[in-house]
Amino acid sequence: MTHDSRRVEPGDLFAAVEGFELDGHDFVEAAVENGARAVMVSRIARGAVPARWPVPALVVESVRAAMGPAAHAIYADPSREMTVVGITGTNGKTTTAFLTAAALETRWETATLGTLGVRRGERATETAFTTPEAPDLARLLRELADDGVEAISMEVSSHAIALGRAAGIAFDAGVFTNLSPEHLDFHGSLEAYGETKLELFRRLRQLDALGVVNADDPWGERFVEEGPERLWRFSLEDPSAEVFAERLELERDETRLTMRTPSGRIESRLALPGRFNAANALAAAAVGVGLGADPGEVGDSLGSVERVPGRFEVRRGNGVTVVVDYAHTPVAFERILRTVREVGPRRLFCVFGCGGERDRRNRPEMGRIAGELAEVVFLTTDNPRREPLEEIMADVREGLEGTSARWERIDDRRTAIRRAIQEEAEPGDVVCLLGKGDESYQWIGEEKLPWSDLEEAEKALASRGRAA
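Residues numbered from 1 in each chain as written. Predicted model: local features only at pLDDT ≥ 70, side-chain atom pairs only at ≥ 80, totals over all residues. Heavy atoms only, no water.

**Considerations on the packing of aromatic side chains**
Enumeration over the complete set of coordinates arrives at 5 aromatic pairs. Ring centres 5.2 Å apart and planes at 90 degrees place the aromatic pair phenylalanine 201 and phenylalanine 223 in the edge-to-face group. Separated by 22 residues along the polypeptide, phenylalanine 201 in helix H8 (residues 190-207) and phenylalanine 223 in helix H9 (residues 220-226) bring together distant segments of the chain. Assessed through its relative accessible area of 0%, phenylalanine 223 is described here as buried. A ring pair is formed by phenylalanine 276 and phenylalanine 312, whose centres lie 6.1 Å apart and whose planes are at 55 degrees; its orientation type is tilted. (Phe/Tyr/Trp six-rings, centres within 6.5 Å; stacked < 30°, edge-to-face > 60°. Helix = DSSP H or I, 4+ residues; strand = E, 2+ residues; numbered from the N terminus. Buried < 20%, exposed > 50% of the residue type's maximum accessible area, 1.4 Å probe, protein only.)

Here it is as structure tokens:
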């Protein structure tokens, strides 16, 4: 099954999805020419199926709603052959997915799926979306199951829930990390955004799965109320939570954590710093022991995760520290910058931009946070796409103006990074490169250009060494 007429092979079912820019119904004839044996169409979009289509047509109210269950049926319901954990929330999904995979690995052969693609051990494959479209996801799960994967820890984005990409998956557990404004250009309001996330937990209730909820988040109680009967809360602050951090020691490069769970205490020494990573570890531990893993083995497994690509990645050279992180929302910005401030840097630099064709309401707030928490801010590009750069910069500048930081606009991201690391930073300073994380590209206009913040940071640090 496929929703892309260009990928149709003889014998396939083609799903004519109504997209945001293109309508799959306009490509039915092309799909048939490429060998589609049948098509799935919507009476809402076309009313009646033209007689000239010489294949059977499945006429449904919504192709998006029907596509997921149909795709999983076609591929013989692979999710029912694996232990599947879905992780949703605004921030922390990727790190929680990695930590959860480590916990699951103590019992099962495990893969991760999300923003960083599909990962199994040292093998990694990129995917187009955090959560792929339903036919692609069903096919991928089938391939993984046939290849011996017994469990999968996957990110479930709000877009995936709203657009039916995760429909048809038999989840064994689900995690809610937190909720703050993001994608409001798509959802319309924070309430609608939260309601979309809640749909995953309503699905968990139907499946009689395990729910794991962040009790420290204001939305946590809503997820508890609407989630499955078997539900564990995790918390850094509330001792009544089923999974609670009894001891938390935050160091510059690691986190020491003692967790109390219904299955016993877990001691772990995380290679990931920061309170937010401690919360992510609590969630992962809850999933692991909640699904039957040994508490001691879970604690050791969490400590084995040495890095999550593009998430609080640290590089050092000649006294200067660089932190690269994917943070691209106000809450994530504040968490990263406050975590760095707690280490006590001589000065804190922040190099960031805001994505084009995305919710403009976050931009002034991100500017304000950067300007209040950093001494020096370089405002630059971050996937401007087709939106005029002047509009993006004006929105961010609105929040930067009036803050205590010295700030400057530098349109070229490479120049901004080198200016911060090579030319201005001194021993004891920390430079945060925020927004892109492990992304390997920059969208500028219609072009997807090769890019890596990590590579640029390493080059700049090396140049400091040569200059010294």
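**Re the sheet that holds strand E17 (residues 348-352)**
If you trace the 6 strands from one edge of the open sheet to the other, you get E15-E16-E20-E17-E18-E19, paired in mixed fashion. With one partner strand each, in any of the chains shown, strand E15 (313-317) and strand E19 (406-409) form the two edges of the open sheet. Shown here is a sheet whose adjacent strand axes are inclined to one another by a mean of 15 degrees, direction ignored. Across 4 bridges, strand E18 (residues 376-379) lies against E19 in parallel orientation. Looking at the pairing, valine 377 lines up with tryptophan 407 of E19. Against the sheet, helix H13 (residues 362-373) engages E17 and E18, with an angle of about 160 degrees to E17. Its contacts with the sheet put helix H15 (residues 413-424) on strand E16 (320-325), E17, E18, E19 and strand E20 (430-434), and the angle it makes with E17 is roughly 170 degrees. (Pairing = 2+ DSSP bridges. Axes fitted to C-alpha atoms, helices over the stretch in contact; angles between N-to-C directions. Contact = heavy atoms within 4.5 Å.)

**A few points about the side chain of serine 180**
Among the secondary structure elements, serine 180 is positioned in the loop between strand E9 (173-176) and helix H7 (184-187). Setting aside residues up to four positions removed in sequence, serine 180 forms contacts with Thr90, Asn91, Leu190, Tyr193 and Val331.

**Quick look at the pairing of E17**
Two faces belong to every sheet, and in a regular strand the side chains alternate between them. With 5 of 5 residues buried, E17 is to be regarded as a mostly interior element. Alternating residues of E17 divide into Leu348, Cys350 and Phe352 and Phe349 and Val351, and every residue in both groups is buried. Looking at chain direction, E17 and E18 are connected through 4 bridges and run parallel. Bridge pairing in E18 links phenylalanine 352 to leucine 379. In this view, the connection linking E17 to its parallel neighbour E18 by way of H13 has right-handed handedness. (Right-handed = clockwise from strand over helix to strand, strands pointing away.)

**Some details on the nonpolar core**
Ranked by size, the top nonpolar core spans 41 residues in total, and within it Val85, Leu291, Val298 and Leu302 carry the most contacts. The leading source of residues in this core is helix H10 (residues 275-290), at 10 residues. Once residues within four sequence positions are removed from consideration, valine 298 is found in contact with Ala103, Thr106, Ile266, Ala285, Gly288, Val289 and Ala293. If you look at the next biggest cluster of nonpolar residues, it comprises 31 residues, including Leu140, Ile152, Phe171 and Tyr193. (Core = buried A, V, L, I, M, F, W, Y, C linked by side-chain atoms within 4.5 Å.)

**With respect to the sheet that holds strand E3 (residues 57-60)**
The strand order E1-E2-E3 describes an open sheet built from 3 strands, whose pairing is parallel. The open sheet has two edge strands, strand E1 (13-15) and E3, and neither has a second partner. On average, each strand axis in the sheet is tilted by 20 degrees relative to the strand beside it, whichever way the strands run. Two strands pair when backbone bridges link them, and strand E2 (residues 38-42) and E3 are joined in this way by 4 bridges, in the parallel orientation. Within E3, the residue paired with valine 41 across the bridge is valine 59.

**A word on the pairing of E2**
Counting buried residues in E2 gives 5 out of 5 residues, a clear majority hidden from the surface. When E1 meets E2, the two strands line up parallel, connected through 3 bridges. For leucine 13, the partnering residue across the bridge sits in E2 and is alanine 38. A crossover links E1 with its parallel partner E2, the connecting element being helix H1 (residues 28-33), and its sense is right-handed.

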